[in-house]
Structures are given as structure tokens and as C-alpha cells.
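# Structural features, examined
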Amino acid sequence: MAGVVESREWHLTAYAPEGVPTSDHLKLRTVPLSLDVDSIPDHHLIVQNIFISVDPYQRTLMSGLEDGLYFPQTKLNEVVSATTIARVIGSKDSSYREGDIILNPFGPIAEYCVIPSALHLRKVDPASELPLQEYLSSLGLPGFAAWVGIEVLGDPKPGSNVFVSAAAGGVGMFAGQLAKLKGCRVIGSTGSDEKVKLIKEEFGYDDAFNYKTETDLDAVLSKYFPNGIDIYFDNVGGEMLEAVLNHVNTHARIPVCGMISQYKKIWTERQGVRNLLNMVGKEVRMEGFLVGSHLNRFGDFAKEMESYIKEGKISSKLKIYHGIESYLESLGSLFTSSNFGKVIIEVKK
């Protein structure tokens, strides 16, 4: 493939410290890009994005505030990034050739782009029978985040009482299934009755509740956890985390994957947690984590998860938007109660 293409890409034009980014903050621009391999530097690739992952953490890169997740903010008027599945269409690196399919954890949200091959790229095995989308879901960062939280930090034992918030989301759906495979009793919370049904019937949760219809979180946790909580996989923070701390058992573990209920607020307006003293008396270990700090375990995760998938022990739910122009809509959907499963953009309609 050669010549010049008009590639569409999303640029951050203004920071959004509060709320959900809109067209006031993100602009879809068209730029010309040469597909001639001689036009790129050595150790670079020209790629065409096939699928783009849409994740809640991306919103935190657009606030202009370096707090919370402490990821570097996207610079104004630069292209925003995401994990992508792409096809190599030109290579100046002997390790890659035209037609290779790669997983790029730091890909521009664009139709075509030039990237350095020194990134943490991973080739997708052409012999794999798994859909490419799963490399952004069960075999991608969501599945890996769930595995790290449950397997590495949670240290589940058969019979452990496990609670997962945002249990129908891209990470939560796998956290619960992995805990079940370890012999745990698993309860999930989510934001609609439809998603309660989903995680019980398709993801095998022992039970679940709709937190939006519960007026007393303390009471509902007493109902579902009469013997206390051993592991809380936290995706939401805020008042749910506070309620959980009233129900933890001695030596409970709380892997903190995210706090989606707090992402749209500046830190002075976020929900405070008033009962952290419970962590002292119960000797609770609460630990935040980034998957990038556990990449040495990615091979273990991939082997285990692929085995589960092929044996039919793990199921995945995908919500696919079509066309790169849908990024703004798909990002906003993450913060609504109607969202479920892993959100992905199929770049070409």
C-alpha cells in the first residue's frame, strides 16, 4: 500500500477538569499521511488501526490535573491515545512485516498512524482462533487488570467471600468470573436490573444487586455478606468503598483497580471515606495497582486466560461502536448506567 491517505484522528483541544469531555474538548481532525515506507524513520511502523479500546482511565488524561491515577496528561492539540489492534502496512523494522497484526497499548486514536516499534507492542498469533476484539478485552488490559487484582493481590481461597463493584463493566465482569474459578462466593453490584441479570446468568455471579435502587448500602451488604467480606475488588470508590469498610473481615484484601464514581470531579468535591480506622482494627490490606507495574506476570495471565476461554470457562461481553467518529459518544457511555461489558470502536464501518 502506498500513496497518501486522509486519516481522521481525535485531538484534545481543551482540558475538562469536571464532567464528561464533549466536542468543546475533543475535535476530530483530518490529516494527510504518507503510506510510503521510505517516508518514515528507521525502527518505525505505519499501521492502520482496526479496533480501539475505550476505557474509563482515558477520561483522567483529559482533566489537566495530575492527581489520582498520576498518568501524564495528554498535551493540548495532541492526539489522544488508547490500546489498539492494528495492521502493519509498512515497516522499517525487521521484526515486523506488512500484514502483521499488533496490540499497541499506546496507540493514537486515529485511522492511520506512524509509531515507533520500541513501544510495548505484541504480535497477535495468526494461528489464534480467538476474535481480535478479545485482545482488547479478556486477553487485554481489562482481563489483565482483573487477573492482577484477584490472583496477585486478592489471593483468593476456596470459600472466600468476594465483592466486585461495577461488576458488569469491562474489568468487573472478569474479576467475578476469575474469583468463581478459584472457588469463591462472589457478589456483584451494578447500576441496572438488566445488568444484575446479566452478571448472574452469563458471568456466573452467585448474586448481585442494583446499587441505584438500594437506599441503604450498609443494609444491603449486611444482607449479602452476613459472614463479612474477604476480598473487595474496587472499581468505583466513594460511598461504596465506605460501606464495604463496615463489613470487612480480619485480614481482608481490597485491590483498588479504579474509582469511576470520582473521575468526573475535582478532588475537593470527591466523596470522602470516613471509616478508614476499620482498616487498622481489622488489619485490612488496601492496595492500588497499575497493570504496567505487573507486566512481568503478563505471560502467566495470558496462558491462564486463553486456557479458560478455550475451555468455555470465561465469557466476555462486548459493546462495539462503529467508525472512529463514534469515540466521543463511546467515551461518554462509560459513565452511564446503561453501559456494560467492554467498549470497543471498530474503526472502519
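Throughout what follows, the structure given in this document is the object of discussion. (Residues numbered from 1 in each chain as written. Predicted model: local features only at pLDDT ≥ 70, side-chain atom pairs only at ≥ 80, totals over all residues. Heavy atoms only, no water.)

## Focus: the overall build of the protein
- What the protein contains, in helices and strands, is 9 helices and 15 strands.
- The C-alpha atoms of the protein give a radius of gyration of 21 Å, which matches the 20 Å a tight globule of 349 residues would have.
- The principal-axis extent of the C-alpha atoms belonging to the protein is close to 65 × 45 × 35 Å.
- Of all 349 residues assigned to the protein, the portion counted as buried reaches 52%.
- Approximately 15,400 Å² of the protein is accessible, and the part contributed by carbon and sulfur atoms is 51%.
- Placing the 35 positive and 43 negative side-chain charges of the protein at their respective mean positions leaves the two points 2 Å apart. (Helix = DSSP H or I, 4+ residues; strand = E, 2+ residues; numbered from the N terminus. Rg over C-alpha atoms; globule rule 2.2 N^0.38 Å. Buried < 20%, exposed > 50% of the residue type's maximum accessible area, 1.4 Å probe, protein only. Areas by Shrake-Rupley, 256 points an atom, 1.4 Å probe, with all protein chains shown as cover. Lys, Arg positive; Asp, Glu negative; His and termini not counted. Charge placed at Lys NZ, Arg CZ, Asp CG, Glu CD.)

## Some words on the environment of Val-164
- Structurally, Val-164 can be placed in strand 8 (residues 161–164).
- Classification of Val-164 by relative accessible area gives buried; the value is 0%.
- Sequence separation between Val-164 and Gly-176 is 12 residues; the distance between their C-alpha atoms is 6.5 Å.
- With near-sequence residues (within four places) excluded, Val-164 lies in contact with Gly-172, Ala-175, Gly-176, Val-186, Ile-187, Gly-188, Ser-189, Tyr-205, Phe-233 and Asn-235. (Contact = heavy atoms within 4.5 Å.)

## Some details on the packing of helix 2 (residues 141–154) against helix 3 (residues 172–181)
- Viewed as axis vectors pointing N to C, helix 2 and helix 3 meet at an angle of 45°, and their least axial separation amounts to 8 Å. Classified by the angle between their axes, helix 2 and helix 3 sit oblique to one another. The interaxial crossing formed by helix 2 with helix 3 has right-handed handedness. Here Pro-142, Gly-143, Ala-146, Trp-147 and Ile-150 of helix 2 lie close against helix 3, whose contacting residues are Phe-174, Ala-175, Leu-178 and Ala-179.
- When grouped by side-chain class, the residues that make up the contact of helix 2 with helix 3 number 8 nonpolar, 1 polar and no charged. (Axes fitted to C-alpha atoms, helices over the stretch in contact; angles between N-to-C directions. Parallel < 35°, antiparallel > 145°, perpendicular 65-115°, else oblique. Left-handed = near helix turned anticlockwise from the far one by under 90°. Nonpolar A, V, L, I, M, F, W, Y, C, P; charged D, E, K, R; others polar.)

## Structural notes on helix 2
- If you look at helix 2, its biggest bend is around 25°, right at Val-148.
- Within helix 2, 11 of the 14 residues are buried, which leaves the element mostly enclosed by the surrounding structure.
- Of the residues trailing helix 2, Asp-155 is marked for its positive phi of about 50°. (Bend = angle between axes of the 7 residues up to and from the residue.)

## Considerations on the nonpolar core
- Grouped together as the largest cluster of nonpolar side chains are 47 residues, with contacts concentrated most on Ile-85, Val-164 and Leu-178.
- At the level of elements, strand 3 (44–54), strand 5 (101–108), helix 2, strand 8, helix 3, helix 4 (193–201), strand 11 (229–233) and helix 8 (298–310) are the ones that each hand at least two residues to this core.
- If you tally residues by element for this core, the top one is helix 2, at 7 residues.
- When we break this core down by domain, the ones giving at least three residues each are domain 1 (4–137 + 317–346) and domain 2 (141–292).
- Core analysis: the second largest hydrophobic core is formed by 22 residues, Leu-217, Phe-225, Tyr-232 and Leu-245 among them. (Core = buried A, V, L, I, M, F, W, Y, C linked by side-chain atoms within 4.5 Å. Domains from an automatic or database assignment.)

## Concerning the pairing of strand 10 (residues 207–210)
- Of the pairings in the sheet, the one linking strand 9 (residues 185–190) to strand 10 comprises 4 bridges and is parallel in character. Bridge pairing in strand 10 places Ile-187 opposite Asp-207.
- Once you follow strand 9 into helix 4 and on to strand 10, the crossover reads as right-handed. (Pairing = 2+ DSSP bridges. Right-handed = clockwise from strand over helix to strand, strands pointing away.)

## Comments concerning the packing of aromatic side chains
- Going through the model one piece at a time under the given rule, you end up with 11 aromatic pairs.
- With 5.3 Å between their ring centres and 65° between their planes, Phe-298 and Phe-301 make a pair best called edge-to-face. In this pair, Phe-298 and Phe-301 both sit in helix 8, 3 residues apart, roughly one turn of the helix. Per residue, the accessibility class of Phe-298 equals that of Phe-301, and both read buried.
- A network of ring pairs unites the aromatic residues Phe-163, Phe-209, Tyr-224, Phe-225 and Tyr-232 as a single cluster.
- Just above the ring of Tyr-96 sits the side chain of Lys-123; from NZ or CZ to the centre is 5.3 Å.
- Lying across the ring of Phe-225, Arg-185 places its NZ or CZ 5.5 Å from the centre. (Phe/Tyr/Trp six-rings, centres within 6.5 Å; stacked < 30°, edge-to-face > 60°. Lys NZ or Arg CZ within 6 Å of the ring centre and 35° of its normal.)

## Topic: the packing of helix 2 against helix 8
- At a minimum axis separation of 10 Å, helix 2 and helix 8 run at an interaxial angle of 100°. Here helix 2 is positioned roughly perpendicular relative to helix 8, judged by the angle of their axes. On helix 8, the residues that touch Gly-143, Phe-144, Trp-147 and Glu-151 of helix 2 are Phe-298, Asp-300, Phe-301, Glu-304 and Met-305.
- Here the contact of helix 2 with helix 8 is composed, by residue class, of 5 nonpolar, 1 polar and 3 charged.

## Re the sheet that holds strand 11
- Judged by pairing direction, the sheet is parallel, and its 6 strands sit side by side in the order 10-9-8-11-12-13 without closing on themselves. With partners counted over all chains shown, the strands left at the sheet margins are strand 10 and strand 13 (285–288), one partner each. Each neighbouring strand pair of the sheet contributes to a mean axis angle of 15°, computed without reference to strand direction.
- The pairing of strand 11 with strand 12 (residues 248–256) spans 2 bridges and is classified as parallel. When the sheet's bridge partners are listed, Ile-229 is paired in strand 12 with Val-248.
- On top of the sheet, helix 4 reaches strand 9 and strand 10; it is set at about 170° to strand 10, its chief contact.

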